[in-house]
Each structure stands twice: as structure tokens, then as C-alpha cells.
Amino acid sequence: EADIYQTPRYLVIGTGKKITLECSQTMGHDKMYWYQQDPGMELHLIHYSYGVNSTEKGDLSSESTVSRIRTEHFPLTLESARPSHTSQYLCASSEREGLEDTQYFGPGTRLTVL
Amino acid sequence: GDSVTQMEGPVTLSEEAFLTINCTYTATGYPSLFWYVQYPGEGLQLLLKATKADDKGSNKGFEATYRKETTSFHLEKGSVQVSDSAVYFCALSRVNRDDKIIFGKGTRLHILP
């Protein structure tokens, strides 16, 4: 079982603040992902990385940015938070198991921007 | 493009009832198929998977069979418990392409005691 951690679990902040959501995994997985989950439960891929110094934008446009300086660490940053950023953010990492990649998820960060 | 369609919820059942959550997919090639579960306040957990046609994935009493002829991967459980209340996501993996996972929109399940 993969160990993947997200901090903080809950965050309430005011508009205009800069925030960084942390994600770390201890499995040595090369691939990592950030999803935004809306209240209707649907998952939207916003960023992914296939290794150190590799980052790509996902299917849903996001004002957030990511970095991948170390294999185990994939932080997400919002330079100026707004109420529209209020959501659940899920981090995942994956490894190849046989023919396919299996993703393992962190517990999520619930962000509320006032 | 590739996609996953699963039945809309919420689904409400009594304890010990039989569960089916329908899932169909559209994909080129031969995707791998997954069911993930999300308990309240948590991230997603892999429940089961199947990698080729006619494979059956199973875990914790849940089962799903990869049906290529009907492009389906329906989730079933013979006798549900209150602790099964959660959101269930069907998903496919685009093997040997970009390896992204495509998720369905999720089905919320409520089990009444």
C-alpha cells in the first residue's frame, strides 16, 4: 500500500492570500497528479508530473502552479486565492503494476477561500 | 475521446440488499478498468481492477467483470453493509498511451440499517 500525505487537511483563508498545498509520497513513484474535486464529486485533473523537473497542465484549466524538484514532493501553489478556488484538492501518485498504472491517493485538502 | 459513464446516484439500499452500480466505457485499444471508493472525508482508495477482457476483479465482497462485448464493468456486491456507504468511481487507464486515468462522475451509495 502506498503512503501519500497531504497537508493541511483543511484550510480556510481570505481572498488574495498565497497558499501552498503540500503532497509527499514515500514510495518512490515517478508519476504524481493533482485533482480538483467539485461538490458534485467529479474529479478534474489539473496538473501532473512524470518525474523530477517535469510538470504538465491537466484537462481542467487551473490558476494554480506546481513544481517537482524532488521525486517525493509535489506541491501546489495558488499565488492569490479567490472564492472560486474553494474545493477539495486530491494528490495522487502511481506506479506501473503489470500493464497498467495504479493510482494511490492522499486524504485530500479541503480549501475554503472567504 | 475515451470516457466512462456510470449510473447517477444517490443509490439508497437497506442493509443486506444486493448492489449493482453500472459502468460503461468508451475507449480505443484495450484499457485497464478500475473501481475506486471514497469514504467520507478521505481520498480515493483502489477497490478492484481488471486488466483484460473477461477478467474479474474482487475485493471486500465486491466484484466486477470486464465485459468487452458490452464495454461494461458493473460493480456488484451480494449483501451490503452500512460501512459500504461511500462514493464509488469507475475508471479506465489508457495503457501505453499517456497512462492517465479517466474517472466517471461517481455514484454516492447510502446504506440504511
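Scroll up to find the structure this text is about.
Here is what the cut-offs are and how they apply
Throughout, residues of each chain are indexed from 1 in the direction in which the sequence is written. Written order decides the labels, with chains lettered from A and ligands numbered from 1. Totals for whole chains, interfaces and linings use every residue, but because this is a predicted model, local features are given only for residues with pLDDT of at least 70 and side-chain atom pairs only at 80 or more, for both listing and counting. Each side-chain value is worked out from all heavy atoms of the structure, with water and hydrogens disregarded. Contact definition: two residues touch when any of their heavy atoms are within 4.5 Å. Buried area adds together the accessible area that both of two parts lose upon being put together, with accessible area traced by a 1.4 Å probe. The term salt bridge refers to a side-chain nitrogen of Lys or Arg lying within 4 Å of a carboxyl oxygen of Asp or Glu. Polar contact is defined as a pair of N or O atoms within 3.5 Å, subject to the rule that within protein one atom must be able to donate a hydrogen and the other to accept it, and that residues adjacent in sequence are counted only when both atoms are side-chain atoms. Every helix listed is a DSSP run of H or I at least four residues long, and every strand listed is a run of E at least two residues long, numbered separately from the N terminus. Only Asp, Glu, Lys and Arg are considered charged in this grouping, and only Ala, Val, Leu, Ile, Met, Phe, Trp, Tyr, Cys and Pro are considered nonpolar; every other residue, Gly among them, is considered polar. Burial status follows relative accessibility: with a 1.4 Å probe on protein chains alone, a residue under 20% of its type maximum counts as buried, one over 50% as exposed, and anything between as partly exposed. What makes two strands pair is DSSP finding at least two bridges between them.

A.B. asks: Any chance you could break down the interface of chain A and chain B for me, citing the residues and the numbers?
C.D. replies: Contact with chain A, which involves 25 residues of that partner, is made by 25 residues of chain B. Together, the buried faces of chain A and chain B total about 1900 Å²; carbon and sulfur atoms form 51% of this surface. On the chain A side of the interface with chain B, the three residues burying the most area are Met41(A), Glu100(A) and Phe105(A), jointly 28% of the side's total. The tally of links from chain A across to chain B stands at zero salt bridges. The interface formed by chain A and chain B holds five residue pairs in polar contact (both at pLDDT 80 or more) in total. Looking at the side of chain A that touches chain B, the elements with two or more residues in it are strand S4 (31–37), strand S5 (43–51), strand S9 (87–97) and strand S10 (100–105) of chain A. Examining the composition of the side of chain A that touches chain B, we find that five residues originate from one element, S10(A), more than from any other. Grouping the amino acids of the side of chain A that touches chain B by side-chain chemistry returns 11 nonpolar, six polar and eight charged.

A.B. asks: I'd like a rundown of the pairing of strand S10 (residues 86–93) of chain B, residues and numbers included.
C.D. replies: Residue and element names in this part refer to chain B. Burial analysis of S10 places eight of its eight residues in the buried class, the great majority of the element. Here S10 shows two buried faces, one formed by Ala86, Tyr88, Cys90 and Leu92 and the other by Val87, Phe89, Ala91 and Ser93. In terms of strand pairing, strand S5 (residues 32–38) meets S10 through seven bridges, oriented antiparallel. Residue pairing for S10: Ser32 is matched across the bridge by Ser93.

A.B. asks: Kindly report on the pairing of strand S1 (residues 3–6) of chain B, identifying the contributing residues and their values.
C.D. replies: Residues in a regular strand point their side chains to alternate faces of the sheet. Residue and element names in this part refer to chain B. Burial of the side chains of S1 is restricted to one face: Val4 and Gln6 are buried, whereas none of Ser3 and Thr5 on the reverse face is. Two elements, S1 and strand S4 (residues 23–26), share four bridges in a ladder whose sense is antiparallel. The residue bridging Ser3 from the neighbouring strand is Thr26, located in S4.

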